[in-house]
Amino acid sequence: EIKKSPVTSPHGPFVANDGRVIWVGRVFVSDQEKNASDIALAEMDENENFVIKALIAPSVDKFGVGFSCEPHAIELPDGRIIVAIRVQRFDEHPLFTVYICESSDGGKTFTEPRMLIDRLAGSPPPPPLPARLPTDAGRYGRLNRNTMEPRQGSCRGFVFAGIIGR
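Residues numbered from 1 in each chain as written. Predicted model: local features only at pLDDT ≥ 70, side-chain atom pairs only at ≥ 80, totals over all residues. Heavy atoms only, no water.

Trainee: Talk me through the nonpolar core; I want residue IDs and the actual numbers.
Mentor: Counting residues in each nonpolar core, the largest one holds 17 residues, and the members touching the most others are I22, V24, L41, I56, I81, V83 and F110. Among the elements that make up this core, the one with the highest residue count is strand β9 (residues 81-89) (four residues). Here L41 is in contact with I22, W23, V24, V51, I52, K53, A54, I81, G107 and F110, once residues within four sequence places are set aside. In terms of nonpolar packing, the next biggest core, distinct from the first, is built from eight residues, V7, V27, A40 and A42 among them. (Core = buried A, V, L, I, M, F, W, Y, C linked by side-chain atoms within 4.5 Å. Buried < 20%, exposed > 50% of the residue type's maximum accessible area, 1.4 Å probe, protein only. Helix = DSSP H or I, 4+ residues; strand = E, 2+ residues; numbered from the N terminus. Contact = heavy atoms within 4.5 Å.)

Trainee: An account of empty space enclosed by the protein is requested, with residue identities and associated values reported.
Mentor: Enumeration over the complete set of coordinates arrives at one cavity of 30 Å³ or more. Each pocket or cavity is described by its volume, and for the largest cavity that value is around 40 Å³. The wall of the largest cavity is formed by S9, H11, G12, F14, W23, V24, P71, H72 and A73. When contributions to the lining of the largest cavity are tallied by element, the ones reaching two or more residues are β3 (21-27) and β8 (67-75). With three residues, the top contributor of residues to the lining of the largest cavity is β8. Counted by class, the lining of the largest cavity contains five nonpolar, four polar and no charged residues. (1 Å grid on protein atoms, 1.4 Å probe; cavity = no way out; pocket = protein on both sides within 12 Å on 5 of 7 lines; lining within 4 Å. Points joined across faces, edges and corners; volume = space filled by probe spheres on them. Nonpolar A, V, L, I, M, F, W, Y, C, P; charged D, E, K, R; others polar.)

Trainee: Could you give an account of the side chain of S5, with specific residues and numbers?
Mentor: Position of S5 relative to the elements: it lies in the segment before β1 (7-8). Within polar-contact distance, the side chain of S5 engages the backbone oxygen of V7 at 2.9 Å. Excluding residues within four positions of it along the chain, S5 makes contact with W23, F28 and F50. (Polar contact = N/O pair within 3.5 Å; in protein donor to acceptor, adjacent residues only side chain to side chain.)

Trainee: Could you give me a rundown of the pattern of salt bridges, with the residues and numbers involved?
Mentor: In total, this model carries seven salt bridges according to the counting rule given. Across the pair R86 and E70 runs a salt bridge, and its minimum N-O distance is 3.1 Å. In this pair, R86 sits in strand β9 while E70 sits in strand β8, placing the two residues 16 residues apart along the sequence. Overall, E70 belongs to the partly exposed group, its relative accessible area being 35%. Two residues, R89 and D91, come together in a salt bridge whose shortest N-O distance is 3.5 Å. Residue R89 is classed as buried on the basis of its relative accessible area of 9%. Take D91: its relative accessible area is 36%, and that puts it in the partly exposed class. Residues participating in the shared-partner salt-bridge network are D18, R20 and E43. (Salt bridge = Lys/Arg side-chain N within 4 Å of Asp/Glu carboxyl O.)

Here it is in structure tokens:
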């Protein structure tokens with residue numbers, strides 16, 4: 001059975017420490033609302049449907065809101081959920097960077113996204129987040145899109161010592 005997800009991201013969902021299936025993505029919108037860039041956390045319910053549980057605040061700089069897209073999230077061993085979001089704006093105040101926010105309550109609330117790298121630094125190769133060690137791959141691995149089973153060894157790295165070291 002094919003089901004719709006209320007969010008989209010190229011990196012897909014992950015299995016949390018407590019077994020929940022979580023997906024942080026851009027909220028799907030109609031063609032009339034193509035400029036919307038709400039980022040949300042969706043969780044799989046008992047009927048295997050993804051349901052939005054939390055919205056993440058817009059990514060803002062002194063010139064306004066940037067277009068948020070391609071978020072990626074992981075959960076650290078201490079339970080914090082870290083989200084990196086590609087943010088861009090192509091106007092008189094260009095922006096092409098990564099913002100980051102976190103949740104310490106299982107994804108119910110998130111800190112305000114903050115700019116992680118220079119405003120025109122671009123977006124690192126996906127996913128733009130800290131490195132998980134290969135030994136964590138089974139625990140934090142993404143889901144196989146066909147079977148919804150965890151994929152072994154599917155984690156890509158990220159090293160932001162300031163986040164992990166706290």
